[in-house]
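Understanding the architecture of this molecule
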Amino acid sequence: MSRIAVASGSGAQARVLSMLERMSHRGEGSGCLREVGPFVTGYDESQDDRAGVYVDGMACLSQQGLDSEWSREIPANRVLRPEEISEGYRRGGPEFLESLSGPFAMLFITGEGVVMARDPFGLKPLYYAVTPGGMLAASEIKAFAGFSGTVRTFPPGHVGVPGHLTPFYSLDDTELETLPPLDQALAGFRQRMETAVRRSLDSGKKAGVLLSGGVDSSIVSAAVARLEPGVPTFVVGTRDCSDVSSAALVAQALKLEHHRFLYGLGHIEECLPNVIYHLESFDAPLVRSSVANYMAARLARKAGMEMVFCGEGGDELFAGYHYLKALERKNDVRKELRILLTQGHSGAFQRVDRMNAAHGLEPALPFMDLDVVDFSVSLPLEWKLKREGGNATEKWFLRKAYLGALPREVVWRKKEKFYLGSGTSGLMTVLAERRVSDSDLRRASREAGCFVPSSKEELLYYRIFREFFPHRCVDLVGRTRTARVN
């Protein structure tokens, strides 16, 4: 994990220094500067600027990229060094980026100026703005504090300079015409998950797992434990919540070093401003889940972790959200899954990045490894959302894949949103009732501009958000698709 920034025009050096300071949690030291023509580039001290590329994330060459001439000289299945990325891009151009797996956001110093690129699903953040006197780009929105112009999200799966962006990845979610035997498909998935885990472990960072006790994080725990026996796991929640008890079952079954933290209303009240500041969002379901994520990341960091494995991506790939069950037509479900994957960069993937970055942790998402994604989206929908006798089982394929590796009650545990399983939602409703009156909500609804709060909770989060982000960035905030908070 590293912070990257760039600016041109009057006062560029001072602005980049300010940007780096506002993102200090993402990097090491005070940051470094390099001037190339009219551009000033800011980057983390752990990076080597001689390669001419600055990277936030863990880009690896995937197996599918090994067919081209230039890629045979670059090792696969491990985090690439900046000079390998620079050489690969010089020789392969956008085709090189298409062959990468893992999260990344990059700035290239070229003859054209500063070329930017972002991984296919936006697991790593990148924002930019064009001004009359130049341009700005940075890893997080907070870096643009004091800037009065329009900040834009650099689109996932694209490369280029502002105004001339080129897509290098397009999700192909066409189902396989000829299905392999189910057992073979299950084994193929497990193998790809372990390969994805190995790529992250090869970074050499001290790693743990954020284990909620849900199906996805439990599967990730099982995959990591096969390669790293006894890996530390971390769970947070209220004393009587389902996540804490379920996570303990998984940790015991896999013989893992397990850590837990139980929180109450006071803990939420204390960390909520920090959560919203780092999250850069006021979306109510996302904030709810981020509170638990923030405290889990803090627990992992205190235990000495440098990287944490997370289960995000399982719901998007394998139809884990309950509202999908109400969609009767197959094409409607597939359309929703595509939207969830391609828009996750402003939702769950943003939460994972920001909450872990707030504590200096690098998140690893094995489900979102490109080889895992390409394999998973090609599987038939009937294997993901299994409909039998009027009932539907979400993530059926995943449950079958790890049925013998995890406790049966965990494998068939009903899907719960992070904020429900951790016990956060009820406490945050209480907090909103204390902080926001009925008249506050009525007045806000009458006076609303670009944002109309649907609840006291949303209004509370929005107020805190605007204290930190008074500039024009509300349109950068994604909204949860599943349902309004209730």
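Quick look at the structure, then. (Residues numbered from 1 in each chain as written. Predicted model: local features only at pLDDT ≥ 70, side-chain atom pairs only at ≥ 80, totals over all residues. Heavy atoms only, no water.)

**A word on the overall build of the protein**
Regarding its fold elements, the protein presents 18 helices and 20 strands. Taken over C-alpha atoms, the radius of gyration comes to 22 Å for the protein, in line with the 23 Å a tight globule of 486 residues would show. Expressed as lengths along the three principal axes of its C-alpha atoms, the size of the protein is roughly 65 × 65 × 45 Å. Counting only residues that meet the buried cut, the protein has 60% of its 486 residues in that class. Considering only contacts in the protein between residues 6 or more positions apart, those separated by 24 or more positions represent 71%. (Helix = DSSP H or I, 4+ residues; strand = E, 2+ residues; numbered from the N terminus. Rg over C-alpha atoms; globule rule 2.2 N^0.38 Å. Buried < 20%, exposed > 50% of the residue type's maximum accessible area, 1.4 Å probe, protein only. Contact = heavy atoms within 4.5 Å.)

**As for the sheet that holds strand 3 (residues 39-43)**
Taken in spatial order, the six strands line up as 2-3-1-10-9-11 in an open sheet, and their pairing is antiparallel. For this open sheet the edge positions go to strand 2 (32-36) and strand 11 (152-153), each flanked by a neighbour on one side alone. Along the sheet, helix 1 (residues 12-22) contacts strand 1 (4-8), strand 2, strand 3 and strand 10 (134-138); its crossing angle with strand 1, the most-contacted strand, is approximately 160 degrees. (Pairing = 2+ DSSP bridges. Axes fitted to C-alpha atoms, helices over the stretch in contact; angles between N-to-C directions.)

**Let's talk about the packing of aromatic side chains**
Enumeration according to the criterion identifies 16 aromatic pairs in this entry. Residues Phe189 and Phe397 carry aromatic rings whose centres are separated by 5.9 Å and whose planes lie at 85 degrees to one another, so their mutual orientation is edge-to-face. Taken together, the positions of Phe189 in helix 4 (residues 182-201) and Phe397 in helix 13 (residues 396-401) put the pair 208 residues apart, joining distant regions of the chain. When sorted by exposure, Phe189 lands in the same class as Phe397, which is buried. Each ring, one from Phe282 and one from Phe465, has its centre 5.0 Å from the other, and the planes form 70 degrees; the classification is edge-to-face. (Phe/Tyr/Trp six-rings, centres within 6.5 Å; stacked < 30°, edge-to-face > 60°.)

**Considerations on the packing of helix 8 (residues 284-302) against helix 18 (residues 456-468)**
Put simply, helix 8 and helix 18 touch, their axes get as near as 9 Å, and they point 75 degrees apart. As far as their axial angle goes, helix 18 and helix 8 are roughly perpendicular. Where helix 8 approaches helix 18, its residues Ala284, Val287 and Arg288 are matched on the opposing element by Glu457, Glu458 and Tyr461. Looking at the contact of helix 8 with helix 18, its residues break down into three nonpolar, no polar and three charged. (Parallel < 35°, antiparallel > 145°, perpendicular 65-115°, else oblique. Nonpolar A, V, L, I, M, F, W, Y, C, P; charged D, E, K, R; others polar.)

**Focus on the environment of Leu279**
For Leu279, the location among the structural elements is in helix 7 (residues 265-279). With 73 residues separating them in the primary sequence, Leu279 and Val352 have C-alpha atoms 9.0 Å apart. Once residues within four sequence positions are removed from consideration, Leu279 is found in contact with Leu286, Val287, Ser290, Gln350, Arg351, Arg354 and Met355.

**Quick word on the sheet that holds strand 12 (residues 158-161)**
Within the open sheet, the five strands sit side by side as 4-7-8-12-13. Their pairing is antiparallel. Only two strands of the sheet have a single partner each, and these edge strands are strand 4 (53-57) and strand 13 (164-167). Between one strand axis and the next, the sheet turns by 15 degrees as a mean value, whatever way the strands run. Sheet topology note: the strand 12/strand 13 ladder contains four bridges and is antiparallel. Bridge pairing in strand 13 links Val161 to His164.

**Quick notes on the packing of helix 7 against helix 16 (residues 424-435)**
Interaxial distance between helix 7 and helix 16 falls to 10 Å at its minimum, and their mutual angle equals 65 degrees. Judged on the interaxial angle alone, helix 16 and helix 7 are roughly perpendicular. As helix 7 packs across helix 16, the resulting crossing turns out to be right-handed. Where helix 7 abuts helix 16, its residues Leu265, Ile268, Glu269 and Leu272 lie against Thr424, Leu427, Met428, Val430, Leu431, Arg434 and Arg435. Here the contact of helix 7 with helix 16 is built from residues that sort into seven nonpolar, one polar and three charged. (Left-handed = near helix turned anticlockwise from the far one by under 90°.)

**Describing the nonpolar core**
Core analysis: the biggest nonpolar cluster contains 142 residues, and Leu97, Met106, Phe189, Leu272 and Phe309 have the highest contact counts within it. Not counting chain neighbours up to four residues away, the residues in contact with Phe189 comprise Phe318, Phe367, Val372, Phe375, Ser376, Phe397, Leu398, Ala401 and Tyr402. Formed by 15 residues, the second largest nonpolar core is a distinct cluster that contains Phe39, Ile109, Leu126 and Ala137. (Core = buried A, V, L, I, M, F, W, Y, C linked by side-chain atoms within 4.5 Å.)

**Examining the side chain of Glu312**
On the secondary structure map, Glu312 appears in the loop between strand 17 (307-309) and helix 9 (314-318). Looking at Glu312, the relative accessible area reads 17%, which means it is buried. Side chain to side chain, Glu312 and Arg351 meet in a polar contact 2.8 Å long. Here Glu312 is in contact with Ala348, Phe349, Arg351, Val352, Leu365, Phe367 and Met368, once residues within four sequence places are set aside. (Polar contact = N/O pair within 3.5 Å; in protein donor to acceptor, adjacent residues only side chain to side chain.)

**Here's the deal with the state of the cysteines**
According to the stated counting rule, one finds zero disulfides in the structure shown. Of all cysteine sulfurs, the one in Cys60 lies closest to Cys310, which takes part in no disulfide; the gap is 16 Å. Overall, the relative accessible area of 3% leaves Cys310 in the buried class. (Disulfide = S-S within 2.5 Å.)

**Digging into the pattern of salt bridges**
Across all of its chains, the model carries 37 salt bridges by this definition. In this structure, Arg226 and Glu194 form a salt bridge, with 2.3 Å as the shortest nitrogen-oxygen distance. Highlighted residues: Arg226 in helix 5 (residues 215-227) and Glu194 in helix 4, separated in sequence by 32 residues. For Arg226, a relative accessible area of 62% corresponds to the exposed category. Close ionic contact of Glu394 with Arg399 constitutes a salt bridge, the shortest N to O distance being 3.0 Å. An identical accessibility class is assigned to Glu394 and Arg399; each is buried. (Salt bridge = Lys/Arg side-chain N within 4 Å of Asp/Glu carboxyl O.)

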